[in-house]
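# Remarks on the overall topology
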Amino acid sequence: MTITEATEKMKAIGQEHVLKYFDELDEASKEALLTQIEETDFSVLDLIGKADTHSVRGSFSPLVAMQLAEIEKNREKYTDEGIKIIKEGKVAALLLAGGMGTRLGSDTPKGMYDIGETKHVYIFQRIIENLLDVVKLADTWITLFIMTSEKNHEATVSFFEEKDYFGYKKDKVRFFKQEMAPACDYTGKLFMETKSHISTSPNGNAGWYSSLVRAGLDKVIEKEGVEWINIFAVDNVLQRICDPCFVGATALAEVSVGAKVVKKAAPDEKVGVICLEDGRPSIVEYYELSDDMRDEKDATGDPVYNYGVILNYLFHVPELNAVGTTSMLNHLVEKKIPYIDESGNVVKPDEPNGYKFEQLVIDMIHKLGSCLPFEVIREKEFAPIKNATGVDSVDTARELCKKNGIEL
Ligand code: UTP
């Protein structure tokens, strides 16, 4: 793209300030900025100031979860089935590690965070140790895809190299980068990260399948005969990955996706709960629950909208092929976005100062026809690290790890 074309493109959307420093850039930086302008999809900016179309929801109805008692009754059957499928090489794991972890506030990728107290216990290490439990049980290696972004890719890969993959088999680990989206202030004006780079951020965790395909890794899935992909967040240090019982229950239920869920702590807990929306799996946010829905009970007296998702899903590959690369909704997310000011100085805000655009996995779930919510015990499988202190923090995760006998 030439500078004239770039100027026209940016002028047409009222963003010509991104070229303010163009003349003072060296040739390589000029080229990089022109390429970024050419390749970036700025249409997401149209969302600013528009009514949130996602707020127009369909009609909700309950989606019955497979609860602990039923799981216990069938644990052996489900686990045997899961182990069989895993042994056949039909299950892969996929770590969502493209996020920026801004709330935690660490300069390195979130997975490099050390939660150890008397020794090093990195978040990535916890994840690998959890997966290794299943590798040992099934006596077979499981392919692990790791999604990064251009912001943290090199640091993540080098860390795994340096730590010798925490004992995992290196050639079973495949990294790939997710797509990026531009970031802007509250009026929709693009931020500049440097004089030659428009601020961008990873485009949300729903882009994982299209990014995987773009990286050519669908060929690996095809070649290895992978039929199920267990995606999971980087920040839950207790979660079971490729849990054979979950795999077996989901496969035997013949659904498009299995979702690990935890029971709400109280009917008015502020979490999104899994349900059906117009007959398809979906998440209803706590503020969308009417009083009637909140108070509705099942035959055992439990609320029918009672299970929150923990970002641990098992997708059936054939259905993914049909929906995974189709276009996804973009959500506006308020974040702290570093930028250069009018004088070219770097500003690192302490409070959210603008929007990033993210596509969410829950929208992907909604495209699928069927889902099995599978209950797990919160204290045993859910220790998310979102913040440095307080709720869902390093402190709370440490506490839960210790309760589960994990030495820190
Ligand atoms: P979060 O919603 O917690 O976002 O991600 P985040 O970016 O990590 O953290 P904050 O909000 O800036 O503090 C949930 C999971 O989805 C992954 C994260 O890495 C985490 O595992 N994720 C999120 C991606 O892989 N890509 C994204 O673009 C966003």
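One structure accompanies this document, and this report is about it.

All right, on to the pattern of salt bridges then. Within this structure, the stated rule accounts for 29 salt bridges. Ionic pairing is found between glutamate 277 and arginine 57, a salt bridge with its closest N-O pair at 2.9 Å. Residue glutamate 277 is located in strand β12 (residues 273-277), and its partner arginine 57 is located in the loop between α2 (27-39) and β1 (60-61); the two are separated by 220 residues in the primary sequence. For glutamate 277, a relative accessible area of 7% corresponds to the buried category. Note that arginine 378 is salt-bridged to glutamate 269, the shortest N-O span being 3.0 Å. In this pair, arginine 378 sits in helix α13 (residues 378-381) while glutamate 269 sits in the loop between β11 (257-263) and β12, placing the two residues 109 residues apart along the sequence. Beyond isolated ion pairs, a larger network of salt bridges with shared partners links Lys20, Lys189 and Glu342.

Glancing now at the packing of helix α1 (residues 3-12) against α2. When two helices pack together, their arrangement is given by the angle between the helix axes and the distance between those axes. Between α1 and α2, whose axes approach to 10 Å, the crossing angle comes to 45 degrees. Classified by the angle their axes make, α1 and α2 are oblique. Our pair here, α1 against α2, has a crossing hand that is left-handed. Mapping the contact onto sequence places Ile3, Ala6, Lys9 and Met10 in α1 and Leu34, Ile37 and Glu38 in α2. Residues of the contact of α1 with α2, tallied by class, amount to five nonpolar, no polar and two charged.

Time to look at the sheet that holds strand β18 (residues 354-358). The three strands lie next to each other as β6-β18-β15, forming an open sheet whose pairing is antiparallel. At either end of the open sheet lies a strand with only one pairing partner, and these are β6 (184-185) and β15 (331-335). Judged from the five bridges that link them, β15 and β18 form a sheet pairing that is antiparallel. Counterpart to glutamate 334 in the pairing with β18 is tyrosine 355.

One finds Leu95, Ile115, Phe124, Ile142, Leu144, Tyr168 and Phe374 to be the most contacted residues of the largest nonpolar core, which totals 61 residues. Here this core takes nine residues from helix α5 (residues 123-138), the largest share from any one element. For phenylalanine 124, the contacting residues outside a window of four places in its chain are Leu95, Ala97, Gly111, Met112, Thr156, Phe159, Phe160, Phe166 and Val234. If you look at the next biggest cluster of nonpolar residues, it comprises 36 residues, including Ala92, Leu212, Ile221 and Ala259.

What counts and what doesn't
- Residues numbered from 1 in each chain as written.
- Predicted model: local features only at pLDDT ≥ 70, side-chain atom pairs only at ≥ 80, totals over all residues.
- Heavy atoms only, no water.
- Salt bridge = Lys/Arg side-chain N within 4 Å of Asp/Glu carboxyl O.
- Helix = DSSP H or I, 4+ residues; strand = E, 2+ residues; numbered from the N terminus.
- Buried < 20%, exposed > 50% of the residue type's maximum accessible area, 1.4 Å probe, protein only.
- Axes fitted to C-alpha atoms, helices over the stretch in contact; angles between N-to-C directions.
- Parallel < 35°, antiparallel > 145°, perpendicular 65-115°, else oblique.
- Left-handed = near helix turned anticlockwise from the far one by under 90°.
- Contact = heavy atoms within 4.5 Å.
- Nonpolar A, V, L, I, M, F, W, Y, C, P; charged D, E, K, R; others polar.
- Pairing = 2+ DSSP bridges.
- Core = buried A, V, L, I, M, F, W, Y, C linked by side-chain atoms within 4.5 Å.

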